[in-house]
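# Summary of structural features
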Amino acid sequence: MKEMLQRNLGYKTISLVLAILFWLWVTSQGSSQTLDRDPTFPLALIAKNTPANSMIMTKLPSVKVKTEGYNPSVNVNELFAYVDLSGSEPGEHDYEVKVDPIPNIKIVEISPRVVTLQLDTVEERMLPVTVDVSGAPANGKKVGEIIVKPSVVNVRGPSSLLGEVDKVLVELSAAGASETLQVSRPLLFRDKNGLAIFGPDPSVETITSSPTSVDIIVPIVAKELESKMVPLNATTTGTPAEGKEVRSIQVIPSGVQVYGEPEALAQFSALSIGSVNINGLSETKTYEISSDKVSLPEGLNYGSRTTFSVIVEMGSAVQDKTLYDLPIVLRNLPEDLVLEKPLPEVSVTIRAYPEILNNLTKEQISLWIDATGKAVGEHTVKIYWQLPAGIEMVSIPDVTYTLKAKEDPPKEPDNPGTPGNPGNPGNSNNSGNQPVV
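Now for a quick tour of the structure. What you see is a predicted model, and the numbers here were worked out from it, not measured in a lab. (Residues numbered from 1 in each chain as written. Predicted model: local features only at pLDDT ≥ 70, side-chain atom pairs only at ≥ 80, totals over all residues. Heavy atoms only, no water.)

### Notes on the pattern of salt bridges
Basically, it comes down to this: The term salt bridge refers to a pairing of a side-chain nitrogen on Lys or Arg with a carboxyl oxygen on Asp or Glu at a separation within 4 Å. Runs of H or I in DSSP of at least four residues are treated as helices and runs of E of at least two as strands, each being numbered from the N terminus. Each residue is placed in one exposure class: buried if its accessible area under a 1.4 Å probe, protein chains only, is under 20% of its type's maximum, exposed if it is over 50%, and partly exposed if it falls in between.
The final tally for this structure, using the stated rule, is five salt bridges. Between Arg-113 and Glu-96 there is a salt bridge, with its nearest N and O atoms 3.6 Å apart. Residue Arg-113 is found in the loop between strand 8 (105-111) and strand 9 (114-134), and its partner Glu-96 is found in strand 6 (residues 91-96); the two are separated by 17 residues along the sequence. The exposure class assigned to Glu-96 is partly exposed, which follows from its relative accessible area of 42%. The salt bridge involving Arg-247 is made with Glu-355; its shortest N-O contact spans 3.1 Å. Linking Arg-247 in strand 20 (residues 244-252) with Glu-355 in helix 5 (residues 354-357), this pair joins segments that are 108 residues apart in sequence. Residue Arg-247 is classed as partly exposed on the basis of its relative accessible area of 27%.

### Overview of the sheet that holds strand 20
Short version of the rule: Should DSSP find at least two bridges between two strands, the strands are regarded as paired. Here the axes come from fitting lines to C-alpha atoms, over the contacting stretch only for helices, and the angles between their N-to-C directions go from 0 to 180 degrees.
Strands sit in the order 20-25-23 across an open sheet of three strands; the sheet is antiparallel. In this open sheet, the two edge strands, each paired with only one partner strand, are strand 20 and strand 23 (285-290). In this sheet, neighbouring strand axes are inclined to one another by 25° on average, regardless of whether the strands run parallel or antiparallel. Pairing between strand 23 and strand 25 (residues 307-316): six bridges, direction antiparallel. Bridge pairing in strand 25 places Ser-290 opposite Thr-307.

### Some remarks on unusual backbone geometry
Of note, the amide linkage connecting Lys-149 to Pro-150 takes the cis form, showing an omega dihedral of -10°. Cis rather than trans, the peptide bond between Ser-210 and Pro-211 has omega equal to 0°. Tracing the backbone through its elements, the reader meets Pro-211 in the loop between strand 16 (208-210) and strand 17 (213-218). Notably, Asn-49 is not glycine yet its phi reads approximately 60°, a positive angle. The topology assignment puts Asn-49 in the loop between strand 2 (45-48) and strand 3 (54-56).

Here is the structure:
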């Protein structure tokens, strides 16, 4: 047997090598396409050098290329057409379609030669996750307060589509469930009509999120327990970074479903989930607090463990600013009185956020005093004011002014006289007690 295997071993080896080479040649023919003489063939169009934080909002068309020449070593499947987006701004622009040179091949025609593409800026938004549960659980059971981890995600996409996102949604079924469900689900994006949002090419994902999926806990609890939705609140401890302050504190979800006896629920109206430490904080931050660290009154429970998100929005602290030489208007001055001298200009100190103060002008501030019922003499009064929204008056001085009676206009003579009339002093005959020169 051994002698039979070793007989003509050299020929057998050569035959095996030739068979392998033939197989490789056959398989390569099925995956490549060489350029025939003077062909016209389609090429995929790609975009090069797309600017950072930009996205193409136009579906890239297929391009037809006509060539002259012959190069059997060129594989058509390795060729492509492209447009160069270097330095492009958001908006609609025309781009020249290009194809890299092909050895021994002349490119005669490219169709289309120019394509119009729409570019959009990529933006981000923090949005809460909504869970849509369908189906009824098993008899005697009901769905408790659903827990989503994380409850807020960062959604990223072109501004024209991101503005349409009304809801970040997760869908699941609780049909027939008798125990708590724990699943992971991908996120869906819906507009205000509940419809999916797609870009120009439905096969290309234009809106994404971080993370792309969330973990969901759906408590299945007994129906005999009553439940109540109570609002949540949180506080802060510590001192933020210099020049910063807390603008707002938002708890997500804004309320939580608690379960228990009716008597216990009736006495429970709100839940404080505790404090978050903002010592040295300078930027908006989200804190996660587990429900097992937040105690409920005796006889109440969450149904299952949940997590609360506390978003602390930070911003520049309010600042004081003094404005000088502001005019004052006098209103309701009695008709028989006038000011003895003009009202003085005053300085006031106001308080607002820096972004409001930086855009404020003196013309936006109105100051006035009311002279209703005032008489002749000196008066010291408070100044009334009107300020733009978001601005607080810190200090404003009183003003002192003096009113006097309005003077009557000079009267005309009853008989002004005429030339030659003794009533006209300019034509007297030096009579009376006028001295004679």
